[in-house]
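The primary structure of each chain is shown beneath.
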Amino acid sequence: MQQLPEQRINKEAPVSNSPFLCETLKAHKLRLTAKPMQDLFSQNPKRFEQFSARCEDLMLDYSKNYVDQACLSDLIKLAERSGLSEKTEAMFSGQLINNTEQRAVLHTALRNGGNDIDAESAAKITSTKERMLQLADRLQHGELLGYTGKPIATVVNIGVGGSDLGPAMAVDALTRYHNAPARFLFVSNVDPVHISRALAQCDPETTLFIVCSKTFTTLETLANANAARHWFLQSSGQEDAIEHHFLAVSTNLKAAAEFGIPEHNIFPMWDWVGGRYSLWSAIGLSIAIAIGRDNFEAFLAGGRAMDEHFRHAPHTSNLPVILALLGIWHNDYFGAQSQALICYDQNLLLFPAYLQQLDMESNGKSVNKQGEPLDYPTGAALWGGVGTNTQHSFHQLFHQGSHLIPVDFIVGARSTNPIGEQQTALYSNCLAQSQALMQGRSIHSLKQEMIAEGKSEQEADFLAKHRFVAGNRPSNTLVYPTLTPYVLGQLIALYEHKIFTQSVIWDINAFDQWGVELGKQLSKKITRVIQEPGKADQQDGSTQGLIDYFLRHQ
Ligand SMILES: O=P(O)(O)OC[C@H]1O[C@](O)(CO)[C@@H](O)[C@@H]1O
């Protein structure tokens with residue numbers, strides 16, 4: 001007999017024979033997937049209570065997954081065997097857990113004022129935060145003036161990767177909480193279109209540029225910052241006016257100063273803050289300016305609340321640990337190669353793009369911490385968007401496609417901008433998607449329905465095969481009362497710790513990103529070939545052909 005698609009997906013052999021894929025968990029998979037997922041609810045009326053967890057008002061419902069108590073406790077053993085608790089404390093206390101760069105990983109210290117670390121670093125965190133908040137106060141009160149005495153009205157963040165995605169996402173997500181009389185633009189791409197479009201909206205007399213770069217060596221950021229500086233000087237004509245319009249955030253204070261930014265306009269960060277974990281540091285200056293002192297403190301407090309939960313809640317009710325284990329369950333035992341994140345909250349439009357870097361740059365690794373190749377899959381490809389738009393775009397593939405794609409749904413109970421019954425429609429749509437993924441629609445019921453509507457047996461049979469929805473597809477739903485700075489802080493820290501937990505279980509370093517370097521080096525060589533044809537190294541045929549095309553069209 002031909003297998004139904006849901007059987008093909010659920011019965012697929014694990015993708016590796018690694019001992020990591022333990023026999024007990026494989027047996028759980030076989031046992032659980034032998035029945036429709038819905039049966040887990042009919043067998044256990046308390047399933048929702050037992051398979052949901054909370055950090056204050058943020059709730060994770062993970063009941064629509066193929067897990068039960070026995071399976072969950074064996075998954076938790078994966079976390080315990082990996083030494084998660086000790087490794088978590090090693091991170092919080094500043095041990096050099098980024099072992100390829102010999103660095104501590106202390107973004108958590110930025111949200112608790114450095115309680116777990118040395119007094120000197122803690123003092124730097126506090127004083128830098130205070131400088132950020134004072135700047136926010138001045139902008140809010142119209143006291144931050146440009147070189148002609150007019151108040152700053154536009155803030156342009158120039159950065160890329162972690163120096164862009166986090167601030168851009170949070171500033172957009174918290175639009176409802178902006179209290180600065182300014183608008184915010186983000187320029188990241190080296191494509192000149194990006195900076196040109198931003199500058200076209202700016203007035204040099206009232207624009208503040210924040211050049212964010214941990215290293216201050218990043219090609220894109222320096223190119224865009226130079227373009228902004230040139231544009232500004234063309235109109236102001238005064239070098240000394242730069243100090244009213246350019247700020248920098250970096251660990252490389254020397255390079256920022258050489259760029260021409262006065263020392264008192266440079267906000268420090270430290271090598272123990274990873275780029276993709278840096279929105280809590282001065283890289284988040286645009287966030288602090290946009291939402292102001294109290295809201296920024298609330299944002300940090302939300303992150304801190306999740307830190308406390310992650311450190312102290314038992315693994316059985318620990319949101320980051322549960323999300324991490326379910327990700328591993330789907331990745332390594334069900335062969336899912338991607339993970340979708342669908343935010344039923346327009347405020348979170350940029351959240352999937354932000355999480356893409358956070359997750360994929362962290363856990364896109366194929367060797368363990370000792371450098372040995374892994375024989376099991378690690379980080380899945382993460383992608384997503386905002387509902388309900390995504391329903392009319394790619395959910396077709398979730399429901400009837402041949403890939404298993406676990407989904408995280410994120411939704412608030414109340415809108416930040418309520419209008420009539422629209423939030424009810426939004427929330428209902430979110431729930432309908434996770435329900436459809438689980439329930440599916442059987443051929444039998446479709447046929448019966450169509451025959452009752454008057455279709456012939458043959459026609460109903462044909463159409464039912466096309467309309468059939470397999471179901472039994474996993475999803476999590478994260479709910480919160482309404483999106484606030486505090487909730488956003490919780491959500492970000494939740495995913496940071498999920499990613500960390502997975503890296504511990506997979507035994508990989510989540511805090512380096514060597515894979516990005518090769519492309520950077522090669523782009524420099526190719527630029528040289530274009531700029532000095534004949535002088536530089538020979539390229540492969542394809543690359544040379546494409547270079548020639550470029551040169552012919554200049
Ligand atoms: O802040 P920087 O040093 O300009 O780096 C920007 C981004 O570049 C990367 O190193 C690699 O793309 C990211 O990790 C980082 O967030």
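Residues numbered from 1 in each chain as written. Predicted model: local features only at pLDDT ≥ 70, side-chain atom pairs only at ≥ 80, totals over all residues. Heavy atoms only, no water.

### A word on the sheet that holds strand β5 (residues 207–212)
Hydrogen bonds along the backbone pair up the strands of a sheet, which may run parallel or antiparallel.
Here is step 1 of the chain: On the basis of which strands lie adjacent, the open sheet formed by five strands has the order β4-β3-β5-β6-β7 and parallel pairing. Two strands lie at the open edges of the sheet, namely β4 (183–187) and β7 (266–268), each paired on one side alone. When strand polarity is set aside, the average angle formed by the axes of neighbouring strands in this sheet is 20 degrees.
Here is step 2 of the chain: Strand direction decides the pairing type here: strand β6 (residues 246–250) and β7, joined by three bridges, are parallel. Residue Val249 lies in a different strand from β7, and its bridge partner there is Phe267.
Here is step 3 of the chain: In the packing of helix α7 (residues 119–140) onto the sheet, contacts are made with β6 and β7, and the angle to β7 comes to roughly 140 degrees. (Pairing = 2+ DSSP bridges. Helix = DSSP H or I, 4+ residues; strand = E, 2+ residues; numbered from the N terminus. Axes fitted to C-alpha atoms, helices over the stretch in contact; angles between N-to-C directions. Contact = heavy atoms within 4.5 Å.)

### Brief notes about the confidence of the model for the chain
Here is step 1 of the chain: The predicted model of the chain has a mean per-residue pLDDT of 95, with 96% of residues at 70 or higher.
Here is step 2 of the chain: The low-confidence segment residues 1–15, where pLDDT is below 50, has 31 contacts with residues more than four positions distant or belonging to other chains. (pLDDT = per-residue confidence, 0-100.)

### As for empty space enclosed by the protein
Here is step 1 of the chain: This structure, assessed with the given rule, holds four cavities of 30 Å³ or more.
Here is step 2 of the chain: Size it by volume and the largest cavity reaches roughly 120 Å³.
Here is step 3 of the chain: What lines the largest cavity is a set of 16 residues, among which Gly327, Asn331, Gln339, Ala380 and Gln502 lie closest to the centre.
Here is step 4 of the chain: For the lining of the largest cavity, the elements supplying multiple residues, two or more each, are α13 (319–333), β8 (338–344) and α19 (485–506). (1 Å grid on protein atoms, 1.4 Å probe; cavity = no way out; pocket = protein on both sides within 12 Å on 5 of 7 lines; lining within 4 Å. Points joined across faces, edges and corners; volume = space filled by probe spheres on them.)

### A short note on the nonpolar core
Here is step 1 of the chain: With 119 residues, the main nonpolar core has Trp329, Leu348, Phe351, Ile410, Leu491 and Tyr495 as its most contacted residues.
Here is step 2 of the chain: Sort the elements by how many residues they give to this core and α19 lands first, with twelve residues.
Here is step 3 of the chain: In this structure, this core is formed jointly by two domains, domain 1 (19–93 + 313–434 + 474–512) and domain 2 (107–291), each of which donates at least three residues.
Here is step 4 of the chain: For Phe351, the residues in contact, after removing those within four places along its chain, are Met169, Leu341, Cys343, Ile410, Leu491, Ile492 and Tyr495.
Here is step 5 of the chain: Cys202, Phe209, Ala241 and Phe259 belong to the second largest nonpolar core, which has 25 residues in total. (Core = buried A, V, L, I, M, F, W, Y, C linked by side-chain atoms within 4.5 Å. Buried < 20%, exposed > 50% of the residue type's maximum accessible area, 1.4 Å probe, protein only. Domains from an automatic or database assignment.)

### Observations regarding the pairing of β6
Here is step 1 of the chain: When you tally the buried positions in β6, you get five out of five residues, the bulk of the element.
Here is step 2 of the chain: The alternating pattern of β6 places Phe246, Ala248 and Ser250 and Leu247 and Val249 on opposite faces, both of which are buried.
Here is step 3 of the chain: Sheet analysis places β5 next to β6, joined by four bridges and oriented parallel. Within β6, the position partnered with Phe209 by the bridge is Phe246.
Here is step 4 of the chain: Where the polypeptide runs from β5 across helix α10 (residues 219–236) and back to β6, its parallel neighbour, the crossover connection is right-handed.
Here is step 5 of the chain: Between the parallel pair β6 and β7, the chain is carried across by helix α11 (residues 253–259), and the sense of this crossover is right-handed. (Right-handed = clockwise from strand over helix to strand, strands pointing away.)

### Some remarks on the site of the ligand
Here is step 1 of the chain: Around the ligand, a shell composed of 14 residues is seen, among which Gly162, Ser163, Ser213, Thr215 and Thr218 lie nearest.
Here is step 2 of the chain: For the ligand, an oxygen atom lies 2.5 Å from a polar atom in the side chain of Thr218.
Here is step 3 of the chain: Contact between the ligand and Glu361: an oxygen atom at 2.7 Å from a side-chain N or O atom of the residue.
Here is step 4 of the chain: Across the complex, the protein chains shield 88% of the 390 Å² of accessible surface that the ligand would expose by itself. (Near = heavy atom within 4 Å. Polar contact = N/O pair within 3.5 Å; in protein donor to acceptor, adjacent residues only side chain to side chain. Areas by Shrake-Rupley, 256 points an atom, 1.4 Å probe, with all protein chains shown as cover.)

### Thoughts on the UniProt feature "active site" (unreviewed entry) in the chain
Here is step 1 of the chain: UniProt records the feature "active site" (unreviewed entry) at Glu361, His392 and Lys520, using the numbering of this structure. Separation in sequence by 160 residues is matched in space for these annotated residues, since their most distant C-alpha atoms are 36.7 Å apart. In the annotated set above, the residues contributing to the lining of the largest pocket are Glu361 and Lys520.
Here is step 2 of the chain: Mapped onto the elements of the fold, Glu361 is located in helix α14 (residues 351–363).
Here is step 3 of the chain: Sequence-distant contacts of Glu361, that is, excluding residues within four places in its chain, are made with Arg276, Gln356, Asp512, Gln513 and Val516.
Here is step 4 of the chain: Reaching out from Glu361, the side chain makes a polar contact with the side chain of Arg276 at a distance of 2.8 Å.
Here is step 5 of the chain: For Lys520, the position within the fold is in helix α20 (residues 515–531). (UniProt positions renumbered as here; feature names shortened; annotations may be inferred.)

### Focus on the layout of surface pockets
Here is step 1 of the chain: Of the volumes computed, that of the largest pocket is approximately 1,100 Å³.
Here is step 2 of the chain: Around the largest pocket, the lining is made up of 40 residues, and of these Thr215, Thr218, Gln513, Glu517 and Lys520 lie nearest the centre.
Here is step 3 of the chain: Elements supplying a minimum of two residues to the lining of the largest pocket: α10, α14 and α20.
Here is step 4 of the chain: Looking at the lining of the largest pocket, the element that brings in the most residues is α20, giving eight residues.
Here is step 5 of the chain: Classifying every residue of the lining of the largest pocket by side-chain character gives twelve nonpolar, 18 polar and ten charged.
Here is step 6 of the chain: Its boundaries defined by the atoms lining it, the second largest pocket holds a volume of some 300 Å³.
Here is step 7 of the chain: What lines the second largest pocket is a set of 17 residues, among which Gln346, Ser415, Asn417, Gln423 and Leu426 lie closest to the centre.
Here is step 8 of the chain: Of the residues forming the lining of the second largest pocket, the biggest block, three residues, is contributed by helix α16 (residues 422–439). (Nonpolar A, V, L, I, M, F, W, Y, C, P; charged D, E, K, R; others polar.)

### Brief notes about the pairing of strand β10 (residues 407–412)
Here is step 1 of the chain: Of all six residues making up β10, six are buried, and the element is well covered by its neighbours.
Here is step 2 of the chain: Residues of β10 alternate between two faces, with Val407, Phe409 and Val411 on one and Asp408, Ile410 and Gly412 on the opposite face, all of them buried.
Here is step 3 of the chain: In terms of strand pairing, β8 meets β10 through five bridges, oriented parallel. What sits directly across from Cys343, in β10, is Ile410.
Here is step 4 of the chain: Where β10 meets strand β11 (residues 475–480), six bridges bridge the pair, whose relative direction is parallel. When the sheet's bridge partners are listed, Ile410 is paired in β11 with Leu478.

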